[in-house]
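Summary of structural features
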Amino acid sequence: MSAVPGLKEDCEELLGAFQQADTVRFERFAELWRERRFHTIFYGRMRALERNKITKKTLDVAQQYFFPPYSFQIRVGALYLLYGLYNAQLCQPKQKIRIALKHWPEIQKFQLDLLDAQHYDAVYIFRRLRLARAFHFTAMPKLLTYRTKKKIEKNYFKEEFKDPSNRVNSLITNDVLEELMNIHDHYQKMKCVISADKSQPDKALSLIKDDFVVNLKDITLEHQEWQQNRMKLLQNAKVAPETEDKKKEETLLKSEGSERANALARIKYKSYSAVVEVSRSRRHRQVQLESSESGPSCGKSPGRSKKASRTPQPARRSSSEVRGEMQVAEETVTQHIGMPIIIEEDSEE
Amino acid sequence: QESHATGKRPDNPTDLIEEGELLLTLNIFYPVIFQKHKDHKPYQTVLVLGSQKLTELRDSISCVSDLQIGGEFSSQPDQAPEHISKDLYKSAFFYFEGIFYNDKRYPECRDLSRTIIEWSESHDRGYENLQSVKMEDYSFNDLSLKIGFPYLYCHQGNCEHIIIITDIRLIHHDDCLDRNLYPLLVKKHWLCTRKCFVCKMYTARWVTNRDSLAPEDPCFFCDVCFRMLHYDAEGNKLGEFLAYPYVDPGIFN
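So, here is what we can say about the structure in this document. Bear in mind that the values here come from a model prediction, so they are computed numbers and not experimental data.

Rules used in this analysis
- Residues numbered from 1 in each chain as written.
- Chains lettered and ligands numbered in written order.
- Predicted model: local features only at pLDDT ≥ 70, side-chain atom pairs only at ≥ 80, totals over all residues.
- Heavy atoms only, no water.
- Helix = DSSP H or I, 4+ residues; strand = E, 2+ residues; numbered from the N terminus.
- Areas by Shrake-Rupley, 256 points an atom, 1.4 Å probe, with all protein chains shown as cover.
- Buried < 20%, exposed > 50% of the residue type's maximum accessible area, 1.4 Å probe, protein only.
- Contact = heavy atoms within 4.5 Å.
- Salt bridge = Lys/Arg side-chain N within 4 Å of Asp/Glu carboxyl O.
- Pairing = 2+ DSSP bridges.
- Expected span 1.5 Å × (residues − 1).
- Arc of directions from axis to C-beta.
- Axes fitted to C-alpha atoms, helices over the stretch in contact; angles between N-to-C directions.
- Parallel < 35°, antiparallel > 145°, perpendicular 65-115°, else oblique.
- Left-handed = near helix turned anticlockwise from the far one by under 90°.
- Nonpolar A, V, L, I, M, F, W, Y, C, P; charged D, E, K, R; others polar.
- Core = buried A, V, L, I, M, F, W, Y, C linked by side-chain atoms within 4.5 Å.
- Patch = residues over 30% accessible without salt bridge, like charges linked within 9 Å, V, L, I, M, F, W, Y side chains within 5 Å.
- Buried area = accessible area lost by both parts, 1.4 Å probe.

Quick look at the overall build of chain A now. Across its full length, chain A holds 12 helices and 2 strands. Secondary structure elements of chain A occur, N-terminal to C-terminal, as α-α-α-α-β-α-α-β-α-α-α-α-α-α. Accessible area of chain A: about 23,400 Å², with a carbon and sulfur share of 54%.

Before going further, it helps to examine the overall build of chain B. Of regular secondary structure, chain B possesses 4 helices and 11 strands. Per-residue burial over chain B gives 44% buried out of 253 residues. The contacts of chain B with a sequence gap of at least 6 include a subset with a gap of at least 24, amounting to 65%. As displayed, chain B has an accessible area near 13,800 Å², and 51% of this comes from carbon and sulfur atoms.

In this section: the pattern of salt bridges. Under the counting rule described, the total for this entry stands at 14 salt bridges over all chains. Between Arg-36 of chain A and Glu-35 of chain A there is a salt bridge whose closest N-O contact spans 3.5 Å. Residue Arg-36 of chain A is classed as partly exposed on the basis of its relative accessible area of 26%. A residue is classified by how much of its surface remains accessible, and Glu-35 of chain A, at 56% relative accessible area, is exposed. Ionic pairing is found between Asp-113 of chain A and Lys-109 of chain A, a salt bridge with its closest N-O pair at 3.8 Å. Residue Asp-113 of chain A and its partner Lys-109 of chain A are both found in helix H5 (residues 104-116); the two are separated by 4 residues, about one turn of the helix. Taking relative accessible area as the criterion, Asp-113 of chain A reaches 32% and is therefore assigned partly exposed. Sharing partners across several salt bridges, the network here consists of Arg-58, Asp-59, Asp-103 and Arg-105 of chain B.

The next thing to look at is the pairing of strand S7 (residues 159-170) of chain B. When you tally the buried positions in S7 of chain B, you get 9 out of 12 residues, the bulk of the element. Two successive antiparallel strands, strand S6 (residues 150-155) of chain B and S7 of chain B, enclose a turn made up of 3 residues, where Gln-156 of chain B displays a positive phi of approximately 55°.

Turning to helix H8 (residues 174-194) of chain A, a few remarks are in order. All names here are of chain A. Taking 1.5 Å per residue, 21 residues should reach 30 Å; H8 reaches 31 Å between its end C-alpha atoms and fits that length. Among all positions of H8, only Leu-177, His-184, Gln-188, Lys-191 and Cys-192 are buried. Looking straight down H8, one finds its buried side chains confined to an arc of 100°; they lie on one side. When the buried face of H8 is taken as reference, the exposed residues oriented beyond 90 degrees from it are Asp-175, Glu-178, Glu-179, Ile-183, His-186, Lys-189 and Ile-194.

Bringing the packing of helix H4 (residues 72-88) of chain A against helix H6 (residues 120-131) of chain A into the picture now. All names here are of chain A. One can describe the packing of H4 onto H6 by two numbers: an axis separation of 10 Å at closest approach and a directional angle of 40°. Classed by the angle they form, the pair H4 and H6 counts as oblique. H4 and H6 meet at a crossing whose hand is left-handed. From H4, Val-76, Leu-79, Tyr-80, Tyr-83 and Tyr-86 reach across to H6, where they touch Asp-121, Ala-122, Ile-125, Phe-126, Arg-128 and Leu-129. Taken together, the residues of the contact of H4 with H6 sort by class into 9 nonpolar, no polar and 2 charged.

Before going further, it helps to spend a moment on the nonpolar core. Among the nonpolar cores identified, the biggest contains 43 residues, and Trp-33, Phe-66, Leu-81, Leu-85 and Ile-97 of chain A are the most heavily contacted of them. Secondary-structure elements contributing two or more residues to this core are helix H1 (7-21), helix H2 (26-36), helix H3 (48-63), H4, strand S1 (97-100), H5 and H6 of chain A. Considering every element that reaches this core, the biggest residue donor is H4 of chain A, with 11 residues. Dropping the residues within four chain positions of it, Ile-97 of chain A is found in contact with Leu-59, Gln-63, Leu-82, Tyr-86, Ala-134, Phe-135 and His-136 of chain A. Counting 21 residues, the second largest nonpolar core, distinct from the first, contains Ile-28, Val-48, Phe-140 and Ile-165 of chain B.

All names here are of chain A. Among the surface-exposed residues, Tyr-187, Leu-207, Ile-208 and Phe-212 lie close enough to one another that they form a single nonpolar patch of about 380 Å² accessible area. In this fold, Tyr-187 is placed in helix H8. Classification of Tyr-187 as partly exposed rests on a relative accessible area of 33%.

Turning our eyes to something else, we now look at the interface of chain B and chain A. Taken together, the contact between chain B and chain A spans 16 residues of the former and 17 residues of the latter. The junction of chain B with chain A conceals about 1,400 Å² of combined surface from both sides, 59% of it contributed by carbon and sulfur atoms. At the boundary of chain B and chain A, one finds 2 salt bridges. When the shortest N-O distance is used, the salt bridge between Asp-174 of chain B and Lys-96 of chain A registers 2.7 Å.

This brings us to the environment of Asp-223 of chain B. Residue and element names in this part refer to chain B. Its location among the elements puts Asp-223 in helix H4 (residues 223-230). Residue class for Asp-223 comes out partly exposed when judged on its relative accessible area of 25%. Residues Asp-223 and Arg-205 lie 18 residues apart in sequence; the distance between their C-alpha atoms is 5.8 Å. If we ignore the near neighbours within four places in the chain, the residues touching Asp-223 are Arg-205 and Trp-206.

With that settled, consider the environment of Lys-134 of chain B. Inspection of the secondary structure assignment puts Lys-134 of chain B in strand S5 (residues 131-134). Not counting residues within four places of it along the chain, the set of residues in contact with Lys-134 of chain B comprises Asn-102 and Lys-104 of chain B.

All names here are of chain A. The terminal C-alpha atoms of H3, which comprises 16 residues, lie 22 Å apart, in line with the 22 Å expected from a rise of 1.5 Å per residue. Taken as a whole, H3 has its buried residues at Asn-52, Thr-55, Lys-57, Thr-58, Leu-59, Asp-60, Val-61, Ala-62 and Gln-63. Structurally, H3 contributes buried residues whose contacts are with H1, H4 and S1.

Our next topic: the packing of H5 of chain A against H6 of chain A. All names here are of chain A. In contact at an axis separation of 8 Å, H5 and H6 are set at 140° when each is read in the N-to-C sense. In terms of their interaxial angle, H5 and H6 are classed as oblique. Our pair here, H5 against H6, has a crossing hand that is left-handed. In this structure, H5 contributes Trp-104, Ile-107, Gln-111, Leu-114 and Leu-115 to the contact, and H6 contributes Tyr-120, Ala-122, Val-123, Phe-126 and Arg-130. When the residues that make up the contact of H5 with H6 are grouped by side-chain class, the tally is 8 nonpolar, 1 polar and 1 charged.

Any functional reading would require information beyond the geometric quantities listed.
Have a look at this one:
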């Protein structure tokens, strides 16, 4: 289905405003909805067939925000948005919201979370939708249509709406830590059993750090905190770029990022500029440093001029290019390091 | 999809569709007769219930090749037989996921898929076990299907239709809940009907080849113009030609 122009942007704008409001109350969402007169999204003189199509597409766009990996607040916002759109639509009988089979466990879990957190307005809204029979229970999320697409539209996630990617957390969960602890204890016990002194393992058997599980847990927690702080800084930086403090935070963020980039660049430069002299047996295949920048000298010609020499030297142009790049890198975050290219010397020795 | 049957309820309560019934949306593509259809194949969209047998779908598919009347009738135009191909050649099969579902309800039905199965078994062609079973024994709930994957419906020996399942969902309160109306046609591609060459008004019913009286080959005529041009008042054949009854693809519009 071809996208409705501007629809995704409008939804994201509304959800973004809701996220800024930093609340999950329906009253706040309703205010934002009324401010924008969002119900007019369905206006425009259309015949019934087109109206059905557009409504279907609108509901489809909105329901995407209802599932992970979007953050909790965005998902509540999506629920309110679906409620608003479903009731504001002009189709008769109403177009339904398609929910795929695989999403239902997530939705039920979400509902339980809402109940636990006592967000009764959200629960009520969901219940109202269920009672109104607003859902189609489908096997697959997208309804198929058959038109040759010029290009497949990639589904991209708006970064700010996403939950911070907690890959570390999903890898090192509580269960994993618990199991590690158990295995570690078991291991220690086994060591004791086979040692001479039954109360503690032999010195020769101490091959690992004993408290590594605790350390792992601490490191994970630290990472999580760092990530949360960073997200907060990012959000604040985006919201009020005029403030003096925010500027500092921005440069702090940027410099944090560019510091790391510079450190990386420095390491790479060191490793790639130091070209190893090859052993005598392979002296016909000297390594030469070439920048992969565009330029007519790249490729064959430096190889030719260095035929006779045994000690490799970086081709003059390329090294200065590389150094020049380094300076540029200090000012901006992006940098580009030349990769060494091994030139095949001509066969004569 | 909007349809005339939305929200309908049956008169007889035993015909009411129960909760939990599955609703499948199928696109059945017409066989490519016209070259212009090659890129955007026309299709009809049918809603079918999970509990319905495959034979119910087969009976609901309307294809022009079913109505063909075989034979050359220039010498006896009044005796074009009553039988249409649908009555003569009753065999058909569906192909889903490696299994051929053959219509075996009538004694005239043959296993059209046997040729294919023998072909695939003759050499190691990389197709796993292809099976052949009876269409009337299976309902859609018994099948395992892929959404969006092309399957096949073949009838009349060589008339092949691609079938694609676009959606499977649970039946909903607002759907048509009268079981008798399923399989339900919700969308149909409209085909241009070919008009008589002479009067340009009526749909063509005859087609002639090697016709000395016609300006082009083949040439299409409605019944009246055909007789007026090719036969005299006594019904004698005038000129040389071959005439075949013609069924227009747009007959189902």
